[in-house]
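Read off the chains here:
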Amino acid sequence: MFDASANLKKRLKSERRFQIFCITAISFALIFVLILFLNIFSSGYSAFYKTTIAIDVDYSQVIEDTTQFAAMSDDEINKLDLFRFSKKSIYSLFPDIEDRKEKKLLIRIFSIEYEDEIKQFLIKNKENIKKIETVYLTASDDVDQVRKGNYPRDLPEERRRIKDIQLEYYDILENNGRVKYVFNIPFLTRGDSREPELAGVGGSIVGSFLTIITVLILSFPIGILAAVYLQEFAKSNRFTDFIEININNLAAVPSIVFGLLGLGIILNVFGLPRSTPLVGGIVLSLMTLPTIIIATRASLRAVPPSIREGALAVGATKMQAVMHHVVPLAMPGALTGTIIGLAQALGETAPLLLIGMVAFVVDVPSSPLDASASLPVQVYLWAESAERGYVEKTSATIMLLLGFLILLNLTAVLIRRKFETKW
Amino acid sequence: MGLFLILLILTIGAFGFFIGRLKAIKLRSASQKKITSLNHYYGYYIAIFAIVPSLLVFLAITAFQGYIVEVYVLSDFIDLNPNLLASDKNLLLAQIINTSEGIKLFDEISPLITDAVDKYIYIEELIDTLTYVIVLSVAGLLSLFAYVKIKSNLDSRKFVESFLLILFFTCSLVAIMTTVGIIFSLLYETLKFFSQVPITDFLFGLNWSPQRVFVRDSGDLDTRDLQNAFGALPLFAGTFLIAFIAMCVAIPVGLMTAIYLAEYASPNLRDWAKPIIEILAGIPTVVYGFFAALTVAPIVRDLGQNAGFTVSSESALAAGFVMGIMIIPFVSSLSDDVINSVPQSLREGSYAMGATKSETIRKVLLPAALPGIVGSFLLAVSRAIGETMIVVMAAGLAAKLTANPFDAATTITTQIVVILIGDQEFDSPKTQAAFALGLTLFIVTLLLNFIALQVVKKYTERYD
């Protein structure tokens, strides 16, 4: 006889198994999101802090009467040669050190721009410089990483970049209360640098901003007008179909192909300058146009015909009906689409690599025609560097990038929530 | 200076708008005849005449400026040596421009260059002045013309509206221009490439080492070199290997996620789980690349070594795995939509026969939704093939033919980036090879998308 209960048990078991598979799959995806974010945040947040070490600078050795600094212009101070003086100030931390090699190692605890930092302190406080001032100098990347616990101290000396004696100096300085852990403002304002502790994302933030503004200026009007044409005015014929197929195809073309387009046409045929946010913006706008057009068309389609008919009934022309009544109602949808397109453009890297936006740029760009990097490209550049300090910088850059993306997407969601009309 | 000129043109346009409107108002009060259009259309009428032609003229001059300057400045050099290479011309021009800006790269400057610098400064100034004169006079004269043309019988609304329609139409043409631009730029370089390297060698050759061509002076390239350096088969194999690994992750996870969200999850869970999974699609690929290279690759290497495999530090497995994660939302949200669109009556019919939920899903829903699901897989594959940053950062650079997921593999996109990053020399087969790879990529992804759409269109059953 057919045993129904055994069969049912088997079927229920398989039901449960299937559910468990499903739950495993979805938790796998969710956990991965979590791991990714945790991983980035845990390795990146420390880049927003840096280690500084106090030294005593006897400015009276530069000019006996320190009140005279107030009369000097910034330029004059910048031109002073304080190199030996700065070194001496650092040596004064450990007056007992005689050996040249050890002196050199002591200097290496600090970032190479110590002279400049001593000058900047002078410029900032020139009105009332005391004879002896305490100046906080940026520590070198190796020391910084030790302070942050990213460098294991117990490695054998030859496998460490930081020498035992330097660690000793550092520990003494820390015990004397000379080490201070401060918020790393230069990281947000400065350009790239070959020294991890001096490198900042300021340049690439500005570069990304200029690129995105270019994208906005180009793709927003073109995208919306194209969508209005296709949705409201175009007669349905072969040519219109062709345009539509084109737009859908472009949405699926890999981004790197747009980079080849930028290289082959925009750089080599039109001769626009390489590595600039302008060219990056043009390439990315071509890439985001389909997104904007598709989103705008969808929201134009959602405007009920009664709106158009009402306008036409009171004597508006077709153009007036569309521009005065339909387009304003479709604007929230169009804006949402644009912002999502901008978010895509902000995170895009591959096309920018091909048009040369990977140059090592120290200066913060001031116009779309200056060579610059962008946030994702900066991530790529730093991820390829070997120094430990760049790893936390890369993660921190990713944090900023994700922050901007979340901000953009939140704006899109808010606009949709606030202005969306259900008909 | 370009920005200033554009601002000037816009100012003239704004001025024209007010004048036009004013004239219309005057006409309306003075004449007994009816005026066809609203006042502001007369303003727009003048503004269009003032702005559009002058902007076009300005763009045209800017486009040709470089060419004119080059021909004029380099005329002496070309007289001396008629077969001057394009690259030499660019060098000379760069030197001249630098010298004119006071940057000295060489101690000695030949008299020919000094002459050219004078010529350069002269022609630049001349063109600048001429641009201003021409563009501003075009704007001024045409607005005057438009002003004179405004009479009571002029239907300016019609003019403005047809202008707008043409403008809208032009905007929608940008999509076509982009496609044409892509195809043109890819084809142009690719054809040059195939004139040096036979297409069969490219498609079926087993050895990919373009850097070898790079090392030699491109003047005396050996044809044998060319033949052996550009066999792209290892790249195709690597691309498909990594895409395959990615799909092995994305298809089961994505599909199961979709099924769970569509069939099992409570609306509440669905509301917050779906956006979180879609975050995966919004994360920039460079972030995945970083994660793959620094976190996943070492884990894969350690795991593999513990299991007794030799795993290279840039394994195809790590790159493919992370890429698979990236693609999950593409599979899951499309499949989710398809499963949701299967009519409720099919489910209820199945339940009525006594089937369990999972049986309904496996035997009724999935077959009914299959075309859409396959379509979503194909779209995901095309994503995986075109993905660049993950493989650039986490997969290898050396091309070798391998099916071992623990080995390093390189892909089409990686090689495009490797070849074209930094300074490229144009007209070398190496650079052209990158465009040939790009064309291959373009065609393959286009085909995949086309097939996906066809599958969905052709095999989807209509239930209502």
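Reading the values: rules and limits
- Residues numbered from 1 in each chain as written.
- Chains lettered and ligands numbered in written order.
- Predicted model: local features only at pLDDT ≥ 70, side-chain atom pairs only at ≥ 80, totals over all residues.
- Helix = DSSP H or I, 4+ residues; strand = E, 2+ residues; numbered from the N terminus.
- Buried ≥ 20, exposed ≤ 12 C-beta atoms within 10 Å, placed from the backbone.
- Contact = placed C-beta atoms within 7 Å.
- Rg over C-alpha atoms; globule rule 2.2 N^0.38 Å.
- Pairing = 2+ DSSP bridges.
- Axes fitted to C-alpha atoms, helices over the stretch in contact; angles between N-to-C directions.
- Parallel < 35°, antiparallel > 145°, perpendicular 65-115°, else oblique.
- Left-handed = near helix turned anticlockwise from the far one by under 90°.
- Nonpolar A, V, L, I, M, F, W, Y, C, P; charged D, E, K, R; others polar.
- Domains from an automatic or database assignment.
- Expected span 1.5 Å × (residues − 1).
- Core = buried A, V, L, I, M, F, W, Y, C linked by C-beta atoms within 7 Å.
- pLDDT = per-residue confidence, 0-100.
- Arc of directions from axis to C-beta.

## What about the overall build of chain B?
If you tally the helices and strands in chain B, you get 18 helices and 0 strands. Each principal axis of the C-alpha atoms in chain B carries an extent, and together these give about 85 × 75 × 35 Å. A buried classification covers 40% of the 464 residues belonging to chain B. If you take every contact in chain B between residues at least 6 apart in sequence, the share linking residues at least 24 apart comes to 77%.

## Focus: the overall build of chain A
Across its full length, chain A holds 17 helices and 3 strands. Taking 2.2 N^0.38 as the reference for a compact globule, 423 residues should give roughly 22 Å; the C-alpha atoms of chain A span a radius of gyration of 30 Å, well beyond that estimate. In terms of overall dimensions, chain A has a C-alpha envelope of 90 × 80 × 40 Å along the principal axes. A total of 423 residues make up chain A; the buried ones form 43% of that total. By sequence separation, contacts in chain A at least 24 residues apart represent 78% of the contacts at least 6 residues apart.

## Details of the environment of Ile-68 of chain B
Residues and elements named next belong to chain B. The residue Ile-68 is located in helix H2 (residues 39-73) in this model. Residue Ile-68 is classed as partly exposed on the basis of its C-beta count, with 13 C-beta atoms lying within 10 Å. Separated by 56 residues in the primary sequence, Ile-68 and Glu-124 have C-alpha atoms spaced 9.8 Å apart.

## Here's the deal with the pairing of strand S1 (residues 49-58) of chain A
Residues and elements named next belong to chain A. In the sheet, S1 pairs with strand S3 (residues 179-183) via 5 bridges, with the strands oriented antiparallel. Counted as the bridge partner of Lys-50 is Val-182 from S3. Note: S1 against strand S2 (residues 132-138), 7 bridges, orientation antiparallel. Across the sheet, residue Thr-52 finds its bridge partner in S2, namely Thr-138.

## Let's talk about unusual backbone geometry
For residues that are not glycine, phi is negative in most cases, and the peptide bond is trans in most cases. At Ser-275 of chain A, a position not held by glycine, the phi torsion is positive, near 65°. By the secondary structure assignment, Ser-275 of chain A is in the loop between helix H11 (255-267) and helix H12 (277-302).

## Re the packing of helix H17 (residues 412-420) of chain B against helix H18 (residues 429-459) of chain B
All names here are of chain B. Remark: H17 packs on H18, axes separated minimally by 9 Å, with the N-to-C direction vectors making an angle of 150°. One finds that H17 runs roughly antiparallel with respect to H18. Along this stretch, H17 crosses H18, giving a crossing that reads as left-handed. Contacts from Ile-412, Thr-413, Gln-415, Ile-416, Ile-419 and Leu-420 in H17 reach Lys-430, Thr-431, Ala-433, Ala-434, Leu-437, Gly-438, Thr-440 and Leu-441 in H18. For the contact of H17 with H18, a count of residues per class yields 8 nonpolar, 5 polar and 1 charged.

## Structural notes on the interface of chain A and chain B
At the interface, 64 residues of chain A touch 64 residues of chain B. It is helix H1 (residues 4-44) of chain A that contributes the most residues to the side of chain A that touches chain B, 18 residues altogether. Split into classes, the residues belonging to the side of chain A that touches chain B amount to 48 nonpolar, 14 polar and 2 charged.

## Quick word on the domain arrangement of chain A
Residues and elements named next belong to chain A. Partitioning chain A into domains gives domain 1 (48-183) and domain 2 (202-419). For domain 1 and domain 2, the distance between their C-alpha centres works out to 46 Å. Taken residue by residue, the interface counts 6 residues in domain 1 and 5 residues in domain 2. Of the residues contributing to the side of domain 1 that touches domain 2, the split by class is 2 nonpolar, 2 polar and 2 charged.

## Here we look at the sheet that holds S1 of chain A
Residue and element names in this part refer to chain A. The strand order across the open sheet built from 3 strands is S2-S1-S3, with neighbouring strands paired in antiparallel fashion. Every interior strand has two partners, whereas the edge strands, S2 and S3, have only one. If you compare each strand with its neighbour and ignore which way they point, the axes differ by 40° on average. Here helix H5 (residues 114-124) sits on the sheet in contact with S1 and S2, set at roughly 135° to S2.

## Focus: the packing of helix H9 (residues 202-233) of chain A against helix H16 (residues 375-383) of chain A
All names here are of chain A. The interhelical angle for the contact between H9 and H16, taken along N-to-C directions, is 140°, at an axis separation of 8 Å. Taken together, H9 and H16 sit at an angle that is classed as oblique. Within the contact between the two elements, H9 uses Ser-204, Ile-205 and Ser-208 and H16 uses Leu-375, Val-377 and Gln-378. Among the residues making up the contact of H9 with H16, the classes are represented as 3 nonpolar, 3 polar and no charged.

## Describing the domain arrangement of chain B
If you check the domain split of chain B, you get domain 1 (2-154) and domain 2 (228-459). Between domain 1 of chain B and domain 2 of chain B, the C-alpha centre-to-centre distance is 50 Å.

## Quick word on H11 of chain A
The end-to-end C-alpha distance of H11 of chain A, which contains 13 residues, comes to 17 Å, matching closely the 18 Å that a straight helix rising 1.5 Å per residue would cover. Taking burial as the measure, the 13 residues of H11 of chain A include 13 buried ones, the bulk of the element.

## Focus on the nonpolar core
General note: in soluble globular proteins, nonpolar side chains tend to be found buried as a group. All names here are of chain B. In terms of nonpolar packing, the biggest core is built from 186 residues, with Ile-242, Ala-292, Ala-319, Val-322, Ile-390 and Ala-394 touching the most fellow members. Ranked by residues supplied to this core, first place goes to helix H10 (residues 233-264) with 19 residues. Once residues lying within four places of it in the same chain are set aside, the contact partners of Ile-242 are Ala-316, Ala-319, Gly-320, Met-323, Val-391, Ala-395, Ala-409 and Thr-411.

## Quick notes on the confidence of the model for chain B
Per-residue confidence for chain B averages 86 on the pLDDT scale, and 93% of its residues sit at or above 70. Per the prediction output, this complex has pTM 0.89; the corresponding ipTM is 0.90.

## Let's talk about helix H10 (residues 238-252) of chain A
Relative to the 21 Å expected for 15 residues at 1.5 Å per residue, H10 of chain A spans 21 Å between its end C-alpha atoms, a close match to the ideal helical length. Listed in full, the buried residues belonging to H10 of chain A are Ile-243, Asn-246, Ile-247, Asn-249 and Leu-250 of chain A. Looking straight down H10 of chain A, one finds that the buried residues subtend no more than 165° of arc, so they occupy a single side. For H10 of chain A, exposure combined with an orientation more than 90 degrees from the buried face picks out Arg-238 and Asp-241 of chain A. Buried-residue contacts for H10 of chain A involve H9 and H12 of chain A together with helix H6 (156-196) and H18 of chain B.

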